[in-house]
Amino acid sequence: MNDNRLAFKLVDQLERPLRDLRISVTDRCNFRCSYCMPRAVFGQNYPYLPRPDILSFEEIARVGQVFSTLGVRKIRLTGGEPLLRKNLEQLISQLSLLPNVETALTTNASLLAKKAYALKEAGLNRLTVSLDALDNATFQLMSDADFDVEDVLQGIEEAHRVGFENIKVNCVIKRGVNDHALEDLTRYFKGTAITVRFIEYMDVGSTNNWHAKEVVPAKEMKETIERMFPLKDGEQSYPGEVAKSYRYEDDSGKVGFITSVTQPFCGDCTRIRLSTDGKLYSCLFATTGFDLRQQLRSGASDQALSTMIIALWQKRSDRYSELRQIASGEKKKIEMSYIGG
Ligand code: SAM
Ligand code: SF4
Ligand code: SF4
């Protein structure tokens with residue numbers, strides 16, 4: 001889509017436009033997924049951000065508005081667990097007023113059954129639910145928390161009931177832990193309006209003890225599914241979509257793969273991230289962020305904020321996943337719960 005409000009084409013060093021803003025609304029979570037916030041690190045004494053450091057809804061809405069004038073067309077709220085942020089629907093109501101901007105939310109769905117109606121009423125456009133297994137034992141092994149698969153499934157059902165369409169389910173596959181979720185989730189959601197996307201386990205952050213041998217490549221995942229149900233190529237929903245999607249040959253729905261490790265998609269990456277405390281990161285794997293909160297709280301005008309963001313984007317040349325082989329292990333990376341998944 002063209003952006004009429006900019007007099008020039010805003011692209012980064014690799015000619016990528018700025019289209020997606022991901023906002024981490026909280027660095028806290030009620031799960032302790034081993035690949036994201038392992039309990040050994042994120043324990044009782046973990047130093048979460050103090051309240052005054054966290055951007056207010058007014059600040060976030062203002063940032064969203066500024067980004068919308070720069071070509072952003074989708075704002076995804078994430079975290080941590082975004083539904084832990086009190087009255088999140090108030091923020092969504094504000095963001096929903098932005099012209100030409102779609103709002104999306106990624107959630108572990110533990111609180112979704114309670115919140116779905118308010119989210120829909122607030123104008124939320126899209127919903128992605130994370131679910132790593134269908135059997136409770138594996139689900140709890142992955143999430144390391146006192147919730148049941150049933151809580152998540154009820155959340156999905158309620159979201160569907162209140163009118164969310166095209167709900168996506170994200171499932172991270174960790175070799176030797178939840179491999180069988182591939183088959184279970186495929187069977188469960190095939191023939192429904194819900195698309196499951198299987199994610200390659202990524203080396204994000206510095207706490208999950210990532211090892212390449214725990215990654216199940218998308219190619220292997222696809223072969224597993226094709227042994228059950230033949231697949232044909234599916235169309236990309238929009239440029240820059242992170243998942244490679246396939247249709248079942250019998251046209252009973254879609255399945256997708258997020259191949260960040262084996263087939264990086266940096267070339268199409270139009271995403272920027274805002275951390276819970278207002279730092280802007282031009283890549284999920286960035287090590288330093290631009291302190292937008294300081295600017296917001298020291299009276300910078302919208303024009304001044306735009307100028308800073310434009311300069312940041314024009315300088316951007318990130319393509320970490322493509323350079324992974326060279327770069328891995330060199331620097332301390334930012335945690336996904338803080339920067340937003
Ligand atoms: N708490 C919410 C949730 O789990 O949906 C939102 C935040 S979470 C960080 C966003 C997404 O990142 C989830 O779908 C999660 O599975 C994914 N994720 C987290 N750590 C990951 C990793 N190491 N590799 C691949 N995906 C990861
Ligand atoms: Fe929480 Fe989501 Fe990270 Fe799991 S993936 S620990 S639910 S933020
Ligand atoms: Fe985008 Fe960075 Fe991920 Fe590449 S590694 S797709 S540039 S966020």
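Everything here concerns the structure above.
Residues numbered from 1 in each chain as written. Chains lettered and ligands numbered in written order. Predicted model: local features only at pLDDT ≥ 70, side-chain atom pairs only at ≥ 80, totals over all residues. Heavy atoms only, no water.

**Student:** Explanation requested: the nonpolar core in the structure shown.
**Tutor:** One recurring pattern in soluble globular proteins: nonpolar side chains tend to sit buried together. Grouped together as the largest cluster of nonpolar side chains are 89 residues, with contacts concentrated most on Leu-77 and Phe-198. Ranked by size, the runner-up nonpolar core spans 16 residues in total, among them Val-215, Tyr-320, Ile-334 and Tyr-338. (Core = buried A, V, L, I, M, F, W, Y, C linked by side-chain atoms within 4.5 Å. Buried < 20%, exposed > 50% of the residue type's maximum accessible area, 1.4 Å probe, protein only.)

**Student:** Hey, could you run me through the state of the cysteines in this one?
**Tutor:** Here a disulfide denotes a covalent bond joining the sulfur atom of one cysteine to the sulfur atom of another. On inspection of all chains with the given rule, the structure shows zero disulfides. As a non-bridged cysteine, Cys-171 has Cys-33 as the owner of its nearest cysteine sulfur, 11 Å distant. (Disulfide = S-S within 2.5 Å.)

**Student:** Hey, could you run me through the packing of helix α2 (residues 88-96) against helix α3 (residues 112-122) in this one?
**Tutor:** Angle between the axes and distance between the axes: these two values describe a pair of packed helices. For the pair α2 and α3, the least separation of the axes is 8 Å and the interaxial angle reads 20 degrees. Between α2 and α3, the interaxial angle falls into the category roughly parallel. The crossing of α2 and α3 is right-handed. In this structure, α2 contributes Glu-89, Ile-92, Ser-93 and Ser-96 to the contact, and α3 contributes Lys-115, Ala-118, Leu-119 and Ala-122. Of the residues belonging to the contact of α2 with α3, the class tally is four nonpolar, two polar and two charged. (Axes fitted to C-alpha atoms, helices over the stretch in contact; angles between N-to-C directions. Helix = DSSP H or I, 4+ residues; strand = E, 2+ residues; numbered from the N terminus. Parallel < 35°, antiparallel > 145°, perpendicular 65-115°, else oblique. Left-handed = near helix turned anticlockwise from the far one by under 90°. Contact = heavy atoms within 4.5 Å. Nonpolar A, V, L, I, M, F, W, Y, C, P; charged D, E, K, R; others polar.)

**Student:** What exactly am I supposed to notice about α2 here?
**Tutor:** Along an α-helix, a turn takes 3.6 residues, which lines up residues three or four apart on a common side. Regarding α2, the residues found buried are Leu-88, Glu-89, Leu-91, Ile-92 and Leu-95. Down the axis of α2, the smallest arc covering the buried residues is 155 degrees, so these residues share one side. (Arc of directions from axis to C-beta.)

**Student:** In this structure, what is going on with the pattern of salt bridges? I would like to understand it.
**Tutor:** Pairing of side chains with opposite charge becomes possible as their charged atoms draw close. Scanning the entire structure with this criterion turns up 20 salt bridges. Notably, a salt bridge pairs Arg-316 with Asp-12, separated by 2.9 Å at the nearest N-O pair. Taken together, the positions of Arg-316 in the loop between α9 (302-315) and α10 (320-327) and Asp-12 in the segment before β1 (20-24) put the pair 304 residues apart, joining distant regions of the chain. Of the residues examined, Asp-12 reaches a relative accessible area of 3% and is grouped as buried. Among the salt bridges present, the one from Arg-126 reaches Glu-102, with a minimum N-O distance of 3.0 Å. Of this pair, Arg-126 sits in strand β4 (residues 126-130) while Glu-102 sits in strand β3 (residues 102-107); the two residues are 24 residues apart in sequence, bridging distant segments of the chain. Overall, the relative accessible area of 29% leaves Glu-102 in the partly exposed class. Salt bridges sharing common partners tie together Asp-12, Arg-16, Arg-316 and Asp-318. (Salt bridge = Lys/Arg side-chain N within 4 Å of Asp/Glu carboxyl O.)

**Student:** It is not clear to me how the site of ligand 3 should be interpreted in this structure. Could you clarify?
**Tutor:** Near ligand 3, the surroundings consist of 13 residues, among which Cys-266, Cys-269, Cys-283, Leu-284 and Ser-321 are the closest. Looking at the shell around ligand 3, the elements that each hand over two or more residues are β10 (271-274) and α10. By residue class, the composition of the shell around ligand 3 is seven nonpolar, one polar and five charged. (Near = heavy atom within 4 Å.)

**Student:** I'm lost on the side chain of Ser-143 in this one. Help?
**Tutor:** Of note, Ser-143 is situated in helix α4 (residues 136-143). Residues in contact with Ser-143, not counting those within four places in the same chain, are Phe-31, Arg-32 and Cys-33.

**Student:** Can you walk me through the pairing of strand β9 (residues 254-258) in this structure?
**Tutor:** In summary, the side chains of a regular strand alternate between the two faces of the sheet. In terms of residue burial, β9 counts as a mostly covered element, since four of its five residues are buried. Here strand β6 (residues 195-200) pairs with β9 via four bridges, running parallel. When the sheet's bridge partners are listed, Ile-199 is paired in β9 with Ile-258. In terms of strand pairing, strand β8 (residues 244-248) meets β9 through four bridges, oriented antiparallel. In the sheet register, Lys-244 faces β9, and the bridge partner there is Phe-257. (Pairing = 2+ DSSP bridges.)

**Student:** What should I look at first to understand the sheet that holds strand β5 (residues 168-173) in this one?
**Tutor:** Sheet strands associate in pairs through backbone hydrogen bonding, adopting either a parallel or an antiparallel arrangement. The strand order across the open sheet formed by twelve strands is β7-β8-β9-β6-β5-β4-β3-β2-β1-β10-β11-β12, and the pairing between neighbours is mixed. Each having just a single partner strand, β7 (231-233) and β12 (290-291) make up the two edges of the open sheet. Each of β10, β11 (279-281) and β12 is contacted by α9, which is oriented at about 130 degrees to β10, the strand it contacts most.

**Student:** Which parts of the structure should I look at to understand the environment of Leu-6?
**Tutor:** Inspection of the secondary structure assignment puts Leu-6 in the segment before β1. Using a relative accessible area of 18% as the deciding quantity, one classes Leu-6 as buried. It is 7.2 Å that separates the C-alpha atoms of Leu-6 and Thr-69, two residues lying 63 residues apart in sequence. The contacts of Leu-6, once residues within four sequence positions are left out, are Thr-69 and Leu-70.

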